[in-house]
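The residues making up each chain are set out below.
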Amino acid sequence: MNFLKKFVTATLFSALSFAAAFAQNAPTAWTPEMQIKVKALGAPRISPDGKRVVYTVVNEVMAADKSEFVTQIYLATTDGKDSYQITFGDKSSTNPKWSPDGNRIAFTSNRKDNKNNLYLLRLNGGEAEPLTDLKSNINDFDWSPDGRSIAYTMTDPKTEDEEKADKGKNDFRWVDENVKMHRLYVIPVAKDTNGKRESRKLTTGNFTVSSFDWSPDGKQIVFAHGKTPVANDWTTSDISIVEMASGKVTVFANTPAAETSPTFSPDGKSIAMLVSDNPPRWAQSGVVQIFSVAGGAPKSLAASYDGQPNIAGWSADGKRIYFSEAKGTGTQIYAIDIAANKIKEIKTTGAVYQSININRNGTMFGFVMQTPVRPPEAFVSRVDNFAPVQVSRANADLRMPSLGKTEVIKWRSTDGKEIEGLLTYPVNYQAGQKVPLILNVHGGPAGVFQQTFIGGRGVYPLATFASRGYAILRPNPRGSSGYGTEFRRANIKDWGGADYQDLMKGVDKVVEMGVADPNRLGVMGWSYGGFMTSWIVTQTHRFKAASAGAPVTNLMSFTGTADIPSFIPDYFGGQFWENIEVYQKHSPMFNVKGVRTPTMIQHGDADIRVPISQGFEFYNALKAQGVPTRMIVLPRQPHGPNEPKMQIAAMQANLDWFEKYLGSGKNNE
């Protein structure tokens, strides 16, 4: 308890010092252009000896003819005293991983022909050496335990005939046919006598490989595989083992459940994996199971709080498995004692921890940590004594204006269920002020709003809204992750029902607190959040403006055009031709008559998750009724905009839309 008090006190002092350090000479207010400069971090991996750590930093690159995010690799000491960049250039270098001896780092980069290939960097000096020169992209890789080989997965490349057809504009295709699978390969690190490295394909079957793990003796690889790499087929995931000497593939676990994330124990006698409910549900839930490599029934470990454990790795002695998952608006790291089958929390919540992993020796964690007022940075900690040490300073030069305070608030829904969310106040908010409030709805619906940095990238510039005098409420209604499986599935067959009431009661709460001006309310959300935004304006006129991002507006046409056609039928208990009344009842498009709220639509034209036709349906229905509406199309963008200029465009459009209809918070106090 004394350690926790000291850690919390130190963290609070550090946060206050961080804010004070950049208060001087900082810009007076946030802008989308400023938020896009906040760097994202990832892949903090610690060397086998625990003395060094590699991590990645994502920078925005914008010029007259360029708009992209570029990732580079950094190397730091785990005591936090030294860090520096080790890859450079105008192309990304990603996914760094240590060799078993700790002297080399392998990573992927698209620096040649924009194809993601494998590179080797010796830390005693020299340039990175390409290990592969492939016509397709490497998805993931891992070193063999002896450091002599690297296994990787690669998407099937186009054949010569397909490349000729592309050039000759004879490139028609058949849907769901000739699907390009992800195959497992292995390549030697050392060159042969001819100065070459020849890759060997390990999987040729009619399946796609996702995650994999080497056995400690290097004689086998266990891997997860599914029917296709299409998102809709995640439910088909099984586990197999390939023998490295012979190439023989043996099915290891193939129940109707989805088995994923296989990981060998340190002694090689067991394999841990995540096993879903049977049958798998899109509102997911699963447990960690331990399988003996020799065979026999698996051991199901204790169910976690949220039912969605992300396996980080085994302890060095093989007695525990570490995992993380959402808990409320934060993240929790846990250890499962395998013999006792008990789960222990190894940290208190209060921050969001991401990219959590354990080094090869099972002694240290690497992770990215952030809070609403602290941008993300890379941290490390010993496994046996959790005490985070910051090793990166990627955002240290960020000249931050003041941030609005964010706090967790709770309320009761119409049926008495407790709901919580995050309320961000305007900068310099004074008690008693009534300000415009924007309700922000998350995606999923099994997403969750967590206490991430409010000044980061994306489409909703929370820090900028707060700078301009707006309050923002981000609820976690029923259907969200972070509150257990029962809560996550409480919106089955009821989108727009009790979850809608959860949101409305949250707005009521902020009005009752004396914070929100009930005459200046707005609502915005992306994906399922876009569905709910569209739904809200069909149900009430209390909101003066709405912004629906990539909205699901018609459950029937969405099911027929999205890349996840089994998603809505799972949530609503059948296909639309079996339950047409239910689909119509819960679709904004079939309830659109009478909408009056000025509504903006934002959509990427390369979105296959929620096709842009969903946005057009709602836009045209509003326009036909004379409702004030605009629709911004983001070229090339998938379900989430991934170019900095397009993110800025979406952020600025949201700011302009709400300022037009709600007024400026600072000018209407």
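Residues numbered from 1 in each chain as written. Predicted model: local features only at pLDDT ≥ 70, side-chain atom pairs only at ≥ 80, totals over all residues. Heavy atoms only, no water.

1. Quick look at the sheet that holds strand β24 (residues 342-345)
Move 1: The four strands lie next to each other as β21-β22-β23-β24, forming an open sheet whose pairing is antiparallel. Looking at which strands have only one partner, the edges of the open sheet turn out to be β21 (310-314) and β24. Neighbour-to-neighbour, the strand axes of the sheet open up by a mean angle of 30 degrees, direction not taken into account. (Pairing = 2+ DSSP bridges. Helix = DSSP H or I, 4+ residues; strand = E, 2+ residues; numbered from the N terminus. Axes fitted to C-alpha atoms, helices over the stretch in contact; angles between N-to-C directions.)

2. Let's talk about the sheet that holds strand β19 (residues 286-292)
Move 1: Across the sheet, four strands lie side by side as β17-β18-β19-β20; this open sheet has antiparallel pairing. Either end of the sheet is taken by a strand with one partner, and the two such strands are β17 (259-264) and β20 (299-300).
Move 2: Examined bridge by bridge, β19 and β20 share two bridges and lie antiparallel to one another. From the neighbouring strand, Ile-290 faces β20, where its bridge partner is Lys-299.

3. With respect to the confidence of the model for the protein
Move 1: The predicted model of the protein averages 94 in pLDDT, with 95% of residues at 70 or higher.
Move 2: With pLDDT under 50 throughout, residues 1-19 is counted as low confidence; its partners more than four residues away or in other chains account for 11 contacts. (pLDDT = per-residue confidence, 0-100. Contact = heavy atoms within 4.5 Å.)

4. Thoughts on the packing of aromatic side chains
The geometry of an aromatic ring pair is captured by two quantities: the separation of the ring centres and the angle between the planes.
Move 1: Applying the stated criterion across every chain yields a total of 32 aromatic pairs.
Move 2: Judged by centre distance (5.6 Å) and plane angle (80 degrees), the ring pair of Trp-234 and Trp-282 falls under edge-to-face. With Trp-234 in the loop between β14 (220-226) and β15 (238-243) and Trp-282 in the loop between β18 (270-276) and β19, this residue pair connects regions lying 48 residues apart in the sequence.
Move 3: According to the relative accessible area criterion, Trp-282 is buried, its value standing at 15%. (Phe/Tyr/Trp six-rings, centres within 6.5 Å; stacked < 30°, edge-to-face > 60°. Buried < 20%, exposed > 50% of the residue type's maximum accessible area, 1.4 Å probe, protein only.)

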